[in-house]
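A look at the structure
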Amino acid sequence: EPEVTQTPSHQVTQMGQEVILRCVPISNHLYFYWYRQILGQKVEFLVSFYNNEISEKSEIFDDQFSVERPDGSNFTLKIRSTKLEDSAMYFCASSNHGASGSTGELFFGEGSRLTVL
Amino acid sequence: GESVGLHLPTLSVQEGDNSIINCAYSNSASDYFIWYKQESGKGPQFIIDIRSNMDKRQGQRVTVLLNKTVKHLSLQIAATQPGDSAVYFCAENMSWTDSWGKLQFGAGTQVVVTP
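Report on the accompanying structure. Each chain has its residues counted from 1, following the order in which its sequence is written. Each chain is given a letter, starting from A, and each ligand a number, starting from 1, according to the order in which they appear as written. Predicted model: local features are reported for residues with pLDDT of at least 70 only, side-chain atom pairs are reported and counted for 80 or more only, and whole-chain, interface and lining totals are derived from all residues. With hydrogens and water set aside, each side-chain value is computed from the structure's full complement of heavy atoms.

This next bit is on unusual backbone geometry. All names here are of chain A. The linkage connecting Thr 7 with the following residue, Pro 8, adopts the cis geometry, with an omega of -10°. The residue Asn 51 is not glycine, and still its phi comes out positive at about 55°. Put simply, DSSP H or I for four residues or longer makes a helix, DSSP E for two residues or longer makes a strand, and each gets a number counted from the N terminus. Residue position: Asn 51 is located in the loop between strand 5 (43–50) and strand 6 (53–57). Type-normalised accessible area, obtained with a 1.4 Å probe on protein chains alone, sets the label of each residue: buried when under 20%, exposed when over 50%, and partly exposed for intermediate values. The class for Asn 51 is exposed, based on a relative accessible area of 59%.

So, on to the state of the cysteines. Disulfide assignment relies on a single distance test, namely cysteine sulfur atoms paired within 2.5 Å. For the coordinates displayed, the defined rule picks out two disulfides over all chains. At a sulfur-sulfur separation of 1.9 Å, the disulfide partner of Cys23(A) is Cys92(A). As the torsion about the S-S bond is roughly -65°, the Cys23(A)-Cys92(A) disulfide counts as left-handed. Of this pair, Cys23(A) sits in strand 3 (residues 19–24) while Cys92(A) sits in strand 9 (residues 88–95); the two residues are 69 residues apart in sequence, bridging distant segments of the chain. Neither Cys23(A) nor Cys92(A) differs from the other in exposure class; each is buried. Between the sulfur atoms of Cys23(B) and its disulfide mate Cys90(B) the distance is 1.9 Å. Across the S-S bond linking Cys23(B) and Cys90(B), the dihedral sits near 60°, which makes this disulfide right-handed. Of this pair, Cys23(B) sits in strand 3 (residues 19–25) while Cys90(B) sits in strand 9 (residues 86–93); the two residues are 67 residues apart in sequence, bridging distant segments of the chain. Across the pair, Cys90(B) and Cys23(B) agree in class, each one buried.

Our focus in this paragraph is the pattern of salt bridges. Two side chains of opposite charge can pair, provided their charged atoms sit close to one another. Salt bridges are identified by distance alone: a Lys or Arg side-chain nitrogen within 4 Å of an Asp or Glu carboxyl oxygen. With the rule as written, the count across this model stands at six salt bridges over all chains. The shortest N-O distance in the salt bridge between Glu44(A) and Arg36(A) comes to 3.2 Å. Where Asp31(B) meets Arg51(B), a salt bridge forms, and the shortest distance between an N and an O atom there is 3.4 Å. Of this pair, Asp31(B) sits in the loop between strand 3 and strand 4 (32–38) while Arg51(B) sits in strand 5 (residues 45–51), and the two are 20 residues apart along the sequence. A residue is classified by how much of its surface remains accessible, and Asp31(B), at 18% relative accessible area, is buried. Under the relative-accessibility criterion, Arg51(B) is labelled partly exposed at 28%.

Let's shift gears to the interface of chain A and chain B. Here, two residues are considered to be in contact whenever any of their heavy atoms come within 4.5 Å of each other. Taken together, the 17 residues of chain A in the interface contact 20 residues of chain B. For the pairing of chain A and chain B, the buried interface totals around 1700 Å² over both sides, and the portion due to carbon and sulfur atoms is 57%. Buried area is calculated as the accessible area (1.4 Å probe) missing from two parts once they are joined, with the contributions of both summed. Contact with chain B buries area across many residues of chain A, yet Lys42(A), His97(A) and Phe108(A) alone supply 28% of it, more than any other trio. Run the count over chain A and chain B and you get one salt bridge. Here Lys102(B) and Glu56(A) are joined by a salt bridge, their closest N and O atoms 3.5 Å apart. We define a polar contact as two N or O atoms separated by no more than 3.5 Å, with the added condition that, inside protein, one atom must be a possible hydrogen donor and the other a possible acceptor, whereas residues neighbouring each other in sequence contribute only through side-chain atom pairs. Connecting chain A to chain B are three residue pairs in polar contact (both at pLDDT 80 or more). Of all the elements in the fold, those that place two or more residues in the side of chain A that touches chain B are strand 4 (31–37), strand 5 and strand 9 of chain A. By residue number, the principal contributor to the side of chain A that touches chain B is strand 4 of chain A, which donates three residues. Of the residues that constitute the side of chain A that touches chain B, the class distribution is seven nonpolar, six polar and four charged. For this classification, Asp, Glu, Lys and Arg are treated as charged, while Ala, Val, Leu, Ile, Met, Phe, Trp, Tyr, Cys and Pro are nonpolar and the rest, including Gly, are polar.

Turning our attention to the environment of Glu92(B). Residues and elements named next belong to chain B. Secondary-structure assignment places Glu 92 in strand 9. Note on Glu 92: relative accessible area 2%, which makes it buried. With 67 residues separating them along the chain, Glu 92 and Tyr 25 place their C-alpha atoms 8.3 Å apart.

Moving on, we get to the layout of surface pockets. In the cavity and pocket records, a cavity denotes points on a 1 Å grid over the protein atoms alone where a 1.4 Å probe fits but cannot get out, a pocket denotes an open set with protein on both sides within 12 Å along at least 5 of 7 lines, and lining residues are residues with an atom within 4 Å of a point. Grid points are joined across faces, edges and corners, and a volume is the space filled by probe spheres set on the points. Its volume calculated, the largest pocket comes out at about 450 Å³. In this structure, the largest pocket is lined by 20 residues; those nearest its centre are Glu1(A), Phe108(A), Glu110(A), Pro44(B) and Gln45(B). Every element with two or more residues in the lining of the largest pocket is listed here: strand 10 (107–108) of chain A together with strand 4 and strand 5 of chain B. Considered class by class, the residues forming the lining of the largest pocket number eight nonpolar, five polar and seven charged.

Encoded structure:
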């Protein structure tokens, strides 16, 4: 069964460092997302991406965050200068909403745990 | 502000019994609702969804009920099994067409299945 894959599974970084989290969405999907989940809290929407541009972003997704689809398979989340409060599990998701026969379901990856020290 | 929330943080269920997980939402404009299951260390896994023009939808061992009058969503799991132990989240999407995938998740209910 096709799945969303994310790397790394866990990254530890120093405050102020740049971090790039990588995702390979399901191959025929056109909508891509990043969500995060701070330990013990609910899953929060960060950003959606379609047709090579951001469709929606939340208040969390400030200028320190950026997303990119550098090639036909990867979707990345960059945090320019990490803060302690960026420590969370980051989930990538993809969807083929709008495609014929699609349920629009979001398929989530297993997450990348980011720890900022 | 408007939000999706859950009534019970933890639900303990005996194996074989039915489980009911509840969710209250406050945004009457929401058009689409989803239940996700999250096992420890994994990403949310889709269970079942329902659009606002329906009040009931059934899947394999799961049923979602939507009561728009009182803005209430529930997930029923029949014959709960040990593998059903997880955190269950309800989520809403404002529109089937706009902002697709911008889900607002509830706080989650931990379901613990006991033998």
